[in-house]
Amino acid sequence: MGEANDVPGNLAVSYITASSARISWQVPTDIQETPHSFLVSYQSEGTEAKIIATRISHVLLSDLRPATDYTVDIYTELQNGEKSQPTSVHIKTDIPAPQCPTVRSITASSVRISWQVPMEMQKTPHRFLVSYQSEGSDLLRGRISTEYCSTNITGLTPGAAYTVLIYTELQHEGKSQPASIQMRIGKKSAFTSCTVPQCLAVSSITASSARISWQVPTEMQKTPHSFLVSYQSEGTEPKTISTRICHVLLSGLRPGTDYTVDVYIELQNGDKSKPASVQMRTEIPIPQYLTVSSITASSAKISWQVPTEIQKTPHSFLVSYEPDGTEPKSISTESCCTFITGLTAETVFTVLVYTELQHGGKSQPVSVQIQKGLLLPELLSDLGLKDLPDGNLTLSSVLEINSKTMSDTPPQGLQQLPWSFLKKLIMSNVNARNNQYTHEQTISGFTEDEEDDDEGDSNAINPLDLITALFHCADPFLQQEMVSKMSLCQFAVPVLLPNCDTQQSTLLLWAMRDLVKNYKPLSSSDEVAFVEGRIVEMEIPMVSFVRAGESSLSKSQTLNDLLSNPSQSNKPFIHRNLECGDVRRKISDGLVEVSWYLPCGNKNNDIFTQPVAVANLRGDSRLFEAQVSFLCQISAAVFIFSDDLEGDFSLFTSRERKAELFLVTNSQRKDHNVEKLKETCRKYSIEKGNMVIRKKQNDSDFVNMLCFHVRGVLGKDPMTTSMFNVAAVAQRIGILVDEDSNECQNARKNAEGIGRMVKDVVAFKEEQLPLHGTIWNQISQLEKERYRMRNANKETGIEDYRSKLTEEEKDLRKKQQQKDISEAMAKFIAGISESKKERLYFLKWLNIQLDTLTRHHLSSLRQKYKDCLNNNPQNKELIKSLDEQISNCSLGPEHFFRELGQIYECACSLPQNDPARNQIQHLPRLCAQMLLDGFPVELVDGDTSNIPMKWISDVLTQLHVLVDKKSRIIVLTVLGVQSTGKSTLLNTMFGVQFAVSSGRCTRGAFMLLMKVSEELRPELNCDFIMVIDTEGLKSPELAALDTSYEHDNELATLVIGLSDITIINVAMENNQEMKDVLQIAVHAFLRMKEVGKKPRCLFVHQNVSDMSAHDKNMRDRNKLVEQLNEMTQAAAKMEKKEANTKFTDVMKYDPENDSYYIPGLWHGTPPMAPVNTGYSEAVYELKKKLILLFKSDKEANNDATEFLEWTKSLWNAVKFENFIFNFRNSLVADAYLDLCTHYNSWEWTFQSEMNSWLIAKTSIISNFGVTEKNVQISQLQTTLQDILKEALKKLDEEKQKVQNHLQLYFQEKNSKVRLVEQYRQEFQNSVHFLKQETEQSVRQCLKQAVKIREEMEKVNKIKKEQTETIGKKVLELLEECKKRNAELSDHDLNVEFDTMWAGIKLSNGQLEQTDVYRNAGLLLMGNLAERRGRIAKLLSEVNLRTSGQKPFIILSAWFATSEKLWSALINRDRTIFLQEKKELCQDIITNCQDLVKRHINTMKIGNTDYNDTSIKEILNYIDERIKDQKISDECEAHLKFHIIGCAATQLQEEHNEFNIRNSPQECLQKCKNTFLTSFLSLFHEKDKCLKNAQQFAETCVKPAVQDYVSKHLGQAVADQMKTGDEGVMYNTPKNFKSEILKQLLLKESFEMYKTYTTSYETFVKDWIKDQIILKMSASGQINQLEKKLLSDIVLKINYAITSLAGIDDIKGFIQQFCSHLQDQLVIPRDSLDTFLFLRDADMDQFTSNLKHSIKDIEKSLVQECNNRISSENITKRIEQLPTKPHDLLFSRLCGCGHQCPFCKTPCEAGGQGHTKHFSSMHRSQGLGRYRWDDSKKLVIEICTTLVNSDSRFRSAETNGEWHPYKAYREIYPDWDIAGDASTEASDYWKYVMKEFNKELAEDQNAEPADIPNEWRKLTMQDALLSLKKSFNIK
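Below is a summary of the structure that appears in this document. (Residues numbered from 1 in each chain as written. Predicted model: local features only at pLDDT ≥ 70, side-chain atom pairs only at ≥ 80, totals over all residues. Heavy atoms only, no water.)

## Let's talk about the pattern of salt bridges
Applying the stated criterion across every chain yields a total of 57 salt bridges. Between K950 and D954 there is a salt bridge whose closest N-O contact spans 3.5 Å. In this pair, K950 and D954 both sit in helix α21 (residues 949-962), four residues apart, roughly one turn of the helix. A relative accessible area of 38% means that K950 is categorised as partly exposed. Exposure remark for D954: the relative accessible area of 16% places this residue in the buried category. Linked through salt bridges whose partners overlap, the residues forming this network are R513, E739, R748 and E752. (Salt bridge = Lys/Arg side-chain N within 4 Å of Asp/Glu carboxyl O. Helix = DSSP H or I, 4+ residues; strand = E, 2+ residues; numbered from the N terminus. Buried < 20%, exposed > 50% of the residue type's maximum accessible area, 1.4 Å probe, protein only.)

## Focus: the packing of aromatic side chains
This structure, assessed with the given rule, holds 42 aromatic pairs. Between F1709 and F1713, the aromatic rings sit 6.2 Å apart at their centres with planes inclined by 20°, giving stacked as the arrangement. Taken as a pair, F1709 and F1713 lie in helix α51 (residues 1706-1716) at a separation of four residues, close to a single helical turn. Across the pair, exposure class does not vary: F1709 and F1713 are buried alike. Ring-pair connections join several aromatic residues into one group, and the members of that group are F1646, Y1649, Y1652, Y1656, F1659, Y1884, W1885 and F1892. Positioned above the aromatic ring of Y264 is the side chain of K272, whose terminal nitrogen or guanidinium carbon lies 4.4 Å from the ring centre. (Phe/Tyr/Trp six-rings, centres within 6.5 Å; stacked < 30°, edge-to-face > 60°. Lys NZ or Arg CZ within 6 Å of the ring centre and 35° of its normal.)

## Observations concerning the side chain of S967
As for its placement among the helices and strands, S967 is situated in the loop between α21 and β42 (969-976). Under the relative-accessibility criterion, S967 is labelled buried at 1%. In terms of polar contacts, S967 uses its side chain to reach the backbone amide nitrogen of A1200, at 3.0 Å. (Polar contact = N/O pair within 3.5 Å; in protein donor to acceptor, adjacent residues only side chain to side chain.)

## Considerations on helix α31 (residues 1200-1214)
Taking 1.5 Å of rise per residue, 15 residues should cover 21 Å, and α31 covers 20 Å from first to last C-alpha, within 8% of that figure. Burial runs high along α31: eleven of the 15 residues are buried. Among the residues of α31, those classed as buried are A1200, F1203, L1204, E1205, W1206, T1207, S1209, L1210, W1211, A1213 and V1214. (Expected span 1.5 Å × (residues − 1).)

## Concerning the state of the cysteines
A complete count under the given rule lists one disulfide for this structure. Paired by a disulfide, C100 and C199 hold their sulfur atoms 2.3 Å apart. One end of the pair, C100, is in strand β8 (residues 99-106); the other, C199, is in strand β16 (residues 198-203), with 99 residues separating them in the sequence. When its relative accessible area of 14% is taken as the criterion, C100 is described as buried. (Disulfide = S-S within 2.5 Å.)

## Let's talk about the packing of helix α57 (residues 1883-1891) against helix α60 (residues 1916-1926)
Angle between the axes and distance between the axes: these two values describe a pair of packed helices. At a minimum axis separation of 7 Å, α57 and α60 run at an interaxial angle of 145°. Here D1883, Y1884 and Y1887 of α57 lie close against α60, whose contacting residues are M1916, D1918, A1919, S1922 and L1923. (Axes fitted to C-alpha atoms, helices over the stretch in contact; angles between N-to-C directions. Contact = heavy atoms within 4.5 Å.)

## Details of unusual backbone geometry
A cis amide bond links P1166 with the next residue in sequence, P1167, at an omega value of 10°. Relative to the helices and strands, P1167 is located in the loop between β47 (1155-1157) and α30 (1173-1192). Even without being glycine, C100 reaches a positive phi, approximately 50°.

## So, helix α42 (residues 1509-1522)
Counted at 1.5 Å a residue, the expected span for α42 with its 14 residues is 20 Å, and the 20 Å between its end C-alpha atoms agrees. Burial of α42 is extensive: ten of the 14 residues sit out of reach of the surface. Among the residues making up α42, those that are buried are T1509, S1510, I1511, E1513, I1514, L1515, Y1517, I1518, R1521 and I1522. Backbone geometry just downstream of α42 places D1524 in the positive-phi region, at approximately 65°.

## A word on the environment of E1205
As for its placement among the helices and strands, E1205 is situated in helix α31. Residues E1205 and S953, spaced 252 residues apart in sequence, show a C-alpha to C-alpha distance of 8.6 Å.

## Brief notes about the nonpolar core
L507 and F639 are the most contacted members of the largest nonpolar core, which has 150 residues in total. Looking at which element gives the most residues to this core, the answer is α30, with nine residues. Ranked by size, the runner-up nonpolar core spans 144 residues in total, among them M1007, I1056, F1246 and F1306. (Core = buried A, V, L, I, M, F, W, Y, C linked by side-chain atoms within 4.5 Å.)

## Things to note about the sheet that holds strand β9 (residues 111-116)
Overall, antiparallel pairing links the three strands, which are arranged β8-β9-β12 in an open sheet. The open sheet has two edge strands, β8 and β12 (150-153), and neither has a second partner. Going from strand to strand, the sheet's axes swing by 20° on average, the running direction of each strand aside. Strand direction decides the pairing type here: β8 and β9, joined by five bridges, are antiparallel. The residue of β9 that forms the bridge with T102 is S114. (Pairing = 2+ DSSP bridges.)

## Thoughts on the packing of helix α3 (residues 417-426) against helix α5 (residues 476-488)
Contact geometry of α3 with α5 gives a least axis separation of 9 Å together with a crossing angle of 65°. Judged by the sense of rotation from one axis to the other, the crossing of α3 with α5 is left-handed. For the pair formed by α3 and α5, the contact residues are F421, L422, L425 and I426 on the first element and E481, M482, K485 and M486 on the second. Of the residues assigned to the contact of α3 with α5, the class counts are six nonpolar, no polar and two charged. (Left-handed = near helix turned anticlockwise from the far one by under 90°. Nonpolar A, V, L, I, M, F, W, Y, C, P; charged D, E, K, R; others polar.)

## Observations concerning the sheet that holds strand β45 (residues 1061-1065)
Pairing is mixed in the open sheet, where seven strands are placed in the order β41-β43-β44-β42-β45-β46-β47. In this open sheet, the two strands that pair with only one neighbour each are β41 (937-940) and β47. Across the sheet, the mean angle from the axis of one strand to that of its neighbour is 25°, orientation sign disregarded. The pairing of β42 with β45 spans five bridges and is classified as parallel. Across the sheet, T973 pairs through a bridge with T1062, a residue of β45.

Shown next, in the form of structure tokens:
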């Protein structure tokens, strides 16, 4: 900045007033394209400068001081703060004249005048000067100076007229212009001489109007009057207007004319005042709508519109322009446009246009600046493409899914046209070139169209310019795609692309490389086949058409007619009669287009019998020497259209010309001269027969004549050439070739290196692509067999066979590893490892090379096949061989990618540190990048119908990383019969190109990503749309195979499972084939529904020509629905899911809205048929529907990693024969685990809340009678009923909370929730079951508490009587001692008290003795009452006093009585069976012993007596455990005898101890010290309050506090176990089980495994207890929990004490204290009675002492906690808790308790309401005590393998009959055992089986199992990995 050319120019002052000024300037030319602003600084002398910032080139300065000099500086300022030098101007403001002079009064010789101070002068010191003069005199008289706004003028002559002048005067600054007023002195009239309109003013002057206003004189305001306005210009008659208001608008004035306006006051009597007059001049209007157009290299057209106001006024226009550094130039014109010449590049012109009137004067100018720049950038800017020149517009950006994709709004401006064109072109819409937009907008600078002299529509762009601009912007791959689509639409495609600025053309050879055409030349022989090939390689004659000078014939329209027949009209070339074809072209002159005519072999339809290329040069050929030279050298003929017969045709006569010349002219032109025509032909060697003259004939005749000449050229054996060969011609001439770039040539070289290696396709694949051939096919077969086990040898065993398959697969992998990377693959990897652009070039070149090679090979094979069928049909072997060769001759890039995948998978099977493995780690990232670049990647291998899962997994993982984890995808798939247009449908819909091998349809499945724009991602809830293209169903190549239907089912199930929306393509007339396809699809949809996915389905009916097909086919749609329902029922029956009866049961489908009818693809007969417009439009409507469906689905979509998991799970399940029952998905598992985790948390909260509530209510029950007065124990039942009602209400509240949580969870629209939707009802049921289960438990606990309280009533009554008796004796002794009047020491008092105590005689009330054995026996008899015969006899003989004294032993005789059960054991050793039952019974015995211990512990802690609830609970537990365990009645009876006998013995002993503890003598001894203390205190009458408080705290409060802590500590410990990182294992049964198995593995203890597998419940409880002790011992956690509980209850106690202040007696206080804490503390009744009997104290002192005593108790209890820090003490403490924390955790983690019927692994399903049991990891049946009948060896088979094999089993449930494992659900319908063919998932139990094989055999009295070799290689690390995989541990 700071240079002269940066300074604002032409600074001017428009007008100045007293307080303002308008300043304007011109923008510096050098910064017009640079963001800038202006700073305006102005100041007067002695003042601070003021600054105004503006972006426009003028400013109004206001608030100026009158009559003041100002300096104004203008600066240019850039965004970076740089500022130019200023340009300056000096101004001086005016002095305002006085306003509104008025005559106030007139006398015969004087007058009084007044006026108003100008507003601008109100703050400026000033005076006024008044002068006057008489009429007819120039002499001013009087000079009155005053500071006021009025004055008197005296000494006037009566009857004389005067003019008074009033000035504003400033000291030393001069005076203003005068304000004047006229008057007449002493006239006898209603008017005085000064009674005229006041303050006459003119405003709003335009060219044809002006506004006049005035004020009413003061003296006339009450006199009725009107005004007369008269105005006229010189030489015209005046015009008048009468009005009653003080303003008028004068209209109809002439522009640029002086007018005099007089305003009179008129009275009603006709009198009229003197006029007030004013002079004015109308404006001259400036020219309007100045525009610049037709900018050329040296000129530009300036146009404008005539102002409306001067259309009838003689005028002209003056155009002035001044190029930088040159003299101004002027043009005078009467028209509204002119051309300015002499323009040069990079020159700025300022053009000024004035309006000039004939009678003189000119307007202000209107200006525009012209910068003669580069035309191409200018047009690109107009089109919004200025940021995309030189190939920056990519194919991926055009294919991106954005809001424009689905917009039906017509283009609203030029900048929307390119995208509208591309959108339609990509969808092969022949209306793509119709690009006029709706709103007016002017585009500058189009060149003249050679075929139309009219201007055309200035609000549009010529389609050729649009196409040329897009080709300049497009990258090579978009250019190629555009050419392909244009060719499909039968548009002419660019061959030579001109650059109008550089005059350099480019041959678009690469853009045409992908064009494949076929035709059938007309021949007398029917044997001539279709010719197919790439158009650039075909040798075809070319005929070119050019224009030289002017031509009245439309060349392009003529060509269109030439290439069309009556039955099929094409419009390859744009001409002036097409939409926007008449718009002037700007950049497309010099463009050469080409269209091919290709015959179909039908002489009735073909115009030419041989193919011909027709080239068309746009613009005047004389201006394009290079293009003409090029066409003359490669064409067979050049037809020159010209009417300018005197023009120069020398360009066509060069020595290099090879083309025959034809001259086409119009004889109907007036200036047509035959002689000139002949002379021209003679001069330029144009033969006479080559003159094509348009005479008086119609268009058809003319076209026929032209066609005749073209046929003549073709019939002379013309020169032929291929586009490939013309590149040399172009290079020689100086025309650029697009393929000459380094990237393209390097890629071509690499691709050709591979292509040269292909001599024989089959041999090449075997040698250069060996890994994905036979070996990969064998691996795929082995993999599938490992899943289905169809060929398993029952003699060797399933696991041995499976292990053998694994070894074979590894051997095949080793074979692969032995093969080096081939030379071709090395070149392929090098090619795709280059830069993005070169990689894309390479893949295209490779596809071109391979396609050409295989096409030639395939053509040869087809000919041989045809010859063999015709000449040697009996040679079946040869026919079969040729057929196989045709099938195998396909070779494309997909084969190399298949090999690449196998190289990667093979390397990944090597050790981690192997160099070969590290060398290929970059390959998945490369493939992922290609997927992002829009390259389709094969998902399912088309040769083996298998997925290379490791390869695909790593590719998708890398994709997820490349997009920064923003990889949410929506998946769309098309299914249908082969060759019905599925790929075409997708290609048309999205503009993609799926890989298709030569001569064959799609094989396998390919996935391709479509990017979604940032703006649309929130609406679609995805980042990409994945389109999956699949091979057709019902393929003829697979039809002969037995597995064809299976193959189709597998593929359909996979892609439908992956898809969010599936399009079913039913474009066939064969009804049976349609049914087959629908049947396959229905199976797949049913499978998806059953595994929790319900995709959307759309039906597309192709080749429907009727526009009203949708309405007319309602009946057909209903019929289709009926068929779909029938198929659904059939499929449901086959899949054993008969509940599905309608198609809509398995998927979302609306027959009305989800059925689409699409017309046929071609409009006419190929190869000259364009794509049917109806087809493109229908596909577009389908695309819009899809996007709307995507938007309407608000659920979260999978990202790439989740899509991968679905792929893995689906494919694994597909490989099983029974998909539904073998589907396992880690995403579903994760989602299910998440749901279980949440549910378990809600369930735990529910249980904790109910546990706390139950403790509170049982405390209230225990305190019954303590807090109430005069209550009977019988009232306790009423209290119980009230509490039970409250319990139901509480349960309902907590249940509702859980249900609300569950509802909110499922309302979250994320992918996890969607995956577990199928489990919603199960968990809702679980909530119901949870409430029922808890209700039963709560009811039982409450009733038990009531029963205990009732039974304790008698004990309490006896104790109360004892207390009263003792109390009376103590009081008697106290009174006696006080009467002695002698001092008695404490020793004396003790002696007296002992003497009294020994003499107390208590009542005979004794506690009832209960015979526990008898009660237990009665309960046992009731439990076994339904048993008869042998059991009844046993019951009569049993003696519980001796039962259970000896170890429990199972006898086989107990089972032999059950023939059915015993006979089912034929296949297994009965000893083992008995051992199994023994272990079960032993586990039950152990757990029952724990139950008994718990009951006894509760009795001791609560000092409660025995009740029958204990025996009932034990019997219920036994019944629950032996249910479904095949325990005989006799075994059951003996087991119960044993357990109940043991329990009765222990409970009897505890009952006896209770009676002893609560006997009168024992109680008497216990309370002696208490009574003694009270006696001494009362005698001495000292420290009563302190003693009382201490005793109450110690004997009553402390035991209650200890009881409170014990009751709540169990729940607190359990809650603590669920916290922290380790607490995760307690969240769900699955987490818990995985942790246990991990710990078992690490400990490597056979005994622990044995206990785990045989006594799961015992093991788990002990393990949890050990974990609790371990965690609670760490850092004294249990102490912290106890202290927390202790602190809580002490706080509540202190609050109760404080709140009871004011009670004045101790008994009342204690009663209220107990009532206040009745739901917290259970105070011992006997201690309370003893304390209250002799108590009396000062209450204030008592409560104060009590608080201190409570504090002392807290300290002592804290100390007790601190003393219990050893693990032994903690163990003892936990075992003594009423609520065992390990029992709480076990009840939530043990699951439902069901075990696998084969291997006994426990169920892991969440909640109690599940209907199906399942486990993540099953184990070898040998661990479940299975052995082979003959060899006695342990069985190693695993359930997950067996259920997919042909093996059988038998059991008691099968009545000893053999039953297939595959049909195990018929026997065990509530179990889901998903098949598992992986070699890793079951490695855990394989390792355990291998490690403890010998120990297991010894323990089970069996022979060790035969461990497969693969198992022997397993390590602990493998087992841990297996554990993680099975439980989906991240």
